[in-house]
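Structure at a glance
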Amino acid sequence: MTDQHDDLAKRVQADRDQLFETLDAIEDKLNVPKQLGIAASKVKRGIDEKPVPYLAGLAAGVAVVGSIVVAVLRRR
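As the structure is a computational prediction, the values presented were derived from the model and not from experiment.

Cut-offs used in this document
- One numbering rule holds for all chains: residues counted from 1, following each sequence as written.
- In keeping with the model being predicted, local features are shown solely for residues with a pLDDT of at least 70 and side-chain atom pairs are shown and tallied solely at 80 or more, while totals for entire chains, interfaces and linings include all residues.
- To get the side-chain values, take all heavy atoms of the structure and skip hydrogens and water.
- Counting from the N terminus, the helices are DSSP H or I runs at least four residues long and the strands are E runs at least two residues long.
- When we talk radius of gyration, it's over C-alpha atoms, and the globule rule is simply 2.2 Å times the number of residues to the 0.38.
- Burial classes: relative accessible area under 20% of the type maximum marks a residue as buried, over 50% as exposed, and values in between as partly exposed (1.4 Å probe, protein chains only).
- Here, Shrake-Rupley sampling with a 1.4 Å probe gives the accessible areas, and only protein chains in the shown set may cover a residue.
- Asp and Glu are treated as the negative residues and Lys and Arg as the positive ones, with His and the ends of the chain left uncounted.
- Here the site of a charge means atom NZ of a Lys, CZ of an Arg, CG of an Asp or CD of a Glu.
- UniProt positions are given in the numbering used here, feature names are shortened, and annotations may be inferred rather than shown by experiment.
- Any residue with relative accessible area above 30% and no salt bridge may belong to a patch, with like charges joined within 9 Å and the nonpolar Val, Leu, Ile, Met, Phe, Trp and Tyr side chains within 5 Å.
- Criterion for a salt bridge: a side-chain nitrogen of Lys or Arg within 4 Å of a carboxyl oxygen of Asp or Glu.

This brings us to the overall build of the protein chain. Helix and strand counts for the protein chain stand at three helices and zero strands. What you see for the protein chain is a C-alpha radius of gyration of 26 Å, clearly larger than the 11 Å of a compact globule of 76 residues, by over 25%. Reported as C-alpha extents along the three principal axes, the dimensions of the protein chain are approximately 85 × 35 × 15 Å. Expressed as a percentage of the 76 residues in the protein chain, the buried residues total 1%. When the accessible area of the protein chain is evaluated, it comes to approximately 7100 Å², of which 63% is carbon and sulfur surface. Of the charged side chains in the protein chain, 12 are positive and 11 negative; the average position of the first set lies 21 Å away from that of the second.

Summarizing the sequence annotation, UniProt attributes the feature "transmembrane region" (unreviewed entry) to residues 52-73 in the numbering used throughout. Split by type, residues 52-73 is 100% helix and 0% strand. Its first and last C-alpha atoms lie 31 Å apart.

What follows concerns a nonpolar patch on the surface. Residues Leu19, Phe20, Leu23, Ile26 and Leu30 make up a contiguous nonpolar surface patch of about 520 Å² in total accessible area. Secondary-structure assignment places Leu19 in helix α1 (residues 2-30). Looking at Leu19, the relative accessible area reads 48%, which means it is partly exposed.

With that settled, the discussion passes to a negative patch on the surface. Residues Asp15, Asp17, Glu21, Asp24 and Glu27 make up a contiguous surface patch of negative charge. Take Asp17: it is sitting in helix α1. According to the relative accessible area criterion, Asp17 is partly exposed, its value standing at 37%.

Moving on, we come to the pattern of salt bridges. Following the criterion strictly, the structure yields one salt bridge and no others. Across the pair Asp28 and Lys34 runs a salt bridge whose closest N-O atoms are separated by 3.0 Å. By relative accessible area, which is 31% here, Asp28 ends up partly exposed. Assessed through its relative accessible area of 37%, Lys34 is described here as partly exposed.

In this section: the environment of Gly37. Looking at where Gly37 falls in the secondary structure, it is placed in helix α2 (residues 32-49). As a C-alpha pair, Gly37 and Val70 span 33 residues in sequence and 34 Å in three-dimensional space.

Now the structure itself:
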């Protein structure tokens, strides 16, 4: 009887451990400030390794925003 009890207790503990791991993973994914920090560190690392694509993206963004500003000012 104790073997069955021990097996059940081990399975319950394993299920609890898995549940806590799952809840921690969900919490990490829903933690917006933490995710922003992770994304920022990835971008910084990417800029250090290969700056050209990031500079091209920045230039494209500036061009789009500049075009929008010019278009808005011309309509006035």
